[in-house]
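# Results of the structural survey
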Amino acid sequence: MAQQEDVFKKIVSHCKEYGFVFPSSDIYDGLGAVYDYGQNGVELKNNIKQYWWQSMVLLHENIVGIDAAIFMHPTTWKASGHVDAFNDPLIDNRDSKKRYRADVLIEEQMAKYEDKIQKEIEKAQKRFGDAFDEAQFRATNARVLENQEKFDALHKRYQEVMNAEGGIDLEGMKQIILDEGIVCPISGTRNWTDVRQFNLMFKTEMGSTADGASTIYLRPETAQGIFVNYLNVQKTGRMKLPFGIAQIGKAFRNEIVARQFIFRMREFEQMEMQFFIKPGTELDWFAKWKETRMKWHQNLGFGAENYRFHDHDKLAHYANAATDIEFHMPFGFKEVEGIHSRTNFDLSQHAKYSGKKIEYFDPETNESYTPYVIETSIGVDRMFLSIMCHSYEEQQLPDGQTRTVLHLPAALAPVKLAVFPLTKKDGMPEKAQEIINDLRFHFNCKYEEKDQIGKRYRRMDAIGCPYCVTVDQQTLEDNTVTLRDRDTMEQRRVAISELRGIIEDQVSITSLLKKLL
Ligand code: ATP
């Protein structure tokens, strides 16, 4: 674990050193859990967004996009339930003065029991080899049974407090923390305050106070911008159910515990799609979207073993199914995307609060109803982090040297091709520029002439550039260059005229999209 934390720290500093992610307002020592994307980060982020947007809007005839404003009428948040219930249960340790999310403390405790069971299984697996029967081991091993019992008991209690009538049972939550002997990781003590609810929305004012300013919120999710536009899009786009509306945009949450770099931010970006369907078909569509979204993730080639579904124990009262797609980060399996079956809750609430009829007339059955919704909601920044974590490698080379390389999927890499003149003379720089001038219309190219070639390769490896081309003496004679591959480091001689054909297909978002069909 310590080793994994080390790797994570290295990834964070790599992000800063190579222009991916900077702390916000860095010259003023940053702002808690707010980050800026640098020259390479913005390219990677844009590519992630494009991959998502195109997979939704280009590949589905019945999904269209919108771009709603961040500021929304304040009643939106009353209707959606955010004013009354977008809370996190928080608890303070009196000795360290640190604040935690009570639900997270309990979930981490459950994960500890699961880890203990997993370790026993791994140990036994090694000992028994091929003869190992996991089901039998789970059913008979005393230590596994003991931890499973603890896990089940805690799980049951947790579900009870989270689903208590009238909202989360805060006293019950504190009692669990005390009974489980959960200590503050900083002070090591159990000196806890009561659990309190804390609303996560940022407030601001619109208009001058003299005019009677109204309180408005920075949206904590992009979804409501879609719900309030349902009628506009359905009518003007003459959309027939089932259909979806996709949106990418900023969201803001005053997170209590903002940790782990860009995993939990106070200003972040979401890519959300609300899929409107006929009531009664929601569980089929939920299953379909689970599969579609998992495929989108796995299509990046990071290995199926690094993803899992985590079905929710606590369903919001309006939801009838919910799951997370979790990715194996250096700090454990963590949520990257949520998929929720939200019934007709949001549209009905907006109908109620706005007094407008928000329904769909079904020409097939001649009836009107409020559509149900399946939502897929993914954080751009978390996706960015998962890609960084998986791509980062400190590689030992056969000659004893090491190199830091980002094995980014080529279609997402910020720079696709770097072009180097071997030396700064004999017309090589001009030739290199000529190549760039030709290819820059097709993909992102970079020119580099400083330092010896080896160093230039290392710099490109560190930003995940999949291809480097070197212009040398021979180029001037026969118009060929060496093309070097980031991952294999192999070099081959190719004609300049072939470059576009070789590279374009590998680095285009289209190449990723084609694999989805
Ligand atoms: P968590 O339980 O981690 O707080 P959540 O369940 O509240 O997340 P959702 O409301 O389902 O998250 O939001 C959908 C997605 O938005 C998440 O899967 C995540 O990728 C992203 N997201 C949510 N909160 C943040 C945040 N504070 N910083 C970065 N991304 C976030």
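Placed above this text is the structure.
### Points about the sheet that holds strand S20 (residues 445-447)
Across the sheet, which stays open at both edges, the five strands sit in the order S20-S19-S21-S22-S23 with mixed pairing between neighbours. In the strand order of this sheet, the two ends are held by S20 and strand S23 (491-495), each with one partner. The sheet shows a mean angle of 30° between the axes of neighbouring strands, direction not considered. Relative to S20, strand S19 (residues 417-421) runs parallel, the two sharing three bridges. Looking at the pairing, Ala418 lines up with Lys446 of S20. The strands touched by helix H17 (residues 496-507) are S19, strand S21 (467-471), strand S22 (480-485) and S23; relative to S23, the strand with the most contacts, the crossing angle is about 120°.

### Focus: empty space enclosed by the protein
Applying the stated criterion across every chain yields a total of one cavity of 30 Å³ or more. Each pocket or cavity is described by its volume, and for the largest cavity that value is around 40 Å³. Lining the largest cavity, in full, are His297, Phe302, Tyr307, Ile325, Glu326, Phe327, Val336, Met383 and Ser386. Secondary-structure elements contributing two or more residues to the lining of the largest cavity are strand S12 (321-329) and helix H13 (380-391). When residues of the lining of the largest cavity are assigned to their parent elements, the largest contribution, three residues, is made by S12. By residue class, the composition of the lining of the largest cavity is six nonpolar, two polar and one charged.

### Here we look at the layout of surface pockets
Looking at the second largest pocket, its volume works out to about 320 Å³. Lining the second largest pocket are 15 residues, and of these Val228, His350, Ser354, Lys356 and Ile358 sit closest to its centre. Those elements that provide at least two residues to the lining of the second largest pocket are helix H3 (75-79), helix H10 (230-236) and helix H12 (345-354). Of the residues contributing to the lining of the second largest pocket, the split by class is eight nonpolar, six polar and one charged.

### What about the sheet that holds strand S3 (residues 63-65)?
Strand order in the open sheet made by the seven strands is S3-S9-S10-S16-S13-S12-S11, with mixed pairing throughout. Strands at the two margins of the open sheet, each flanked by one partner only, are S3 and strand S11 (307-311). This sheet shows a mean twist of 25° between the axes of neighbouring strands, independent of strand direction. Of the pairings in the sheet, the one linking strand S9 (residues 243-252) to strand S10 (residues 267-277) comprises 10 bridges and is antiparallel in character. Within S10, the residue paired with Phe243 across the bridge is Phe276.

Basis of the calculations
Residues numbered from 1 in each chain as written. Predicted model: local features only at pLDDT ≥ 70, side-chain atom pairs only at ≥ 80, totals over all residues. Heavy atoms only, no water. Pairing = 2+ DSSP bridges. Helix = DSSP H or I, 4+ residues; strand = E, 2+ residues; numbered from the N terminus. Axes fitted to C-alpha atoms, helices over the stretch in contact; angles between N-to-C directions. Contact = heavy atoms within 4.5 Å. 1 Å grid on protein atoms, 1.4 Å probe; cavity = no way out; pocket = protein on both sides within 12 Å on 5 of 7 lines; lining within 4 Å. Points joined across faces, edges and corners; volume = space filled by probe spheres on them. Nonpolar A, V, L, I, M, F, W, Y, C, P; charged D, E, K, R; others polar.

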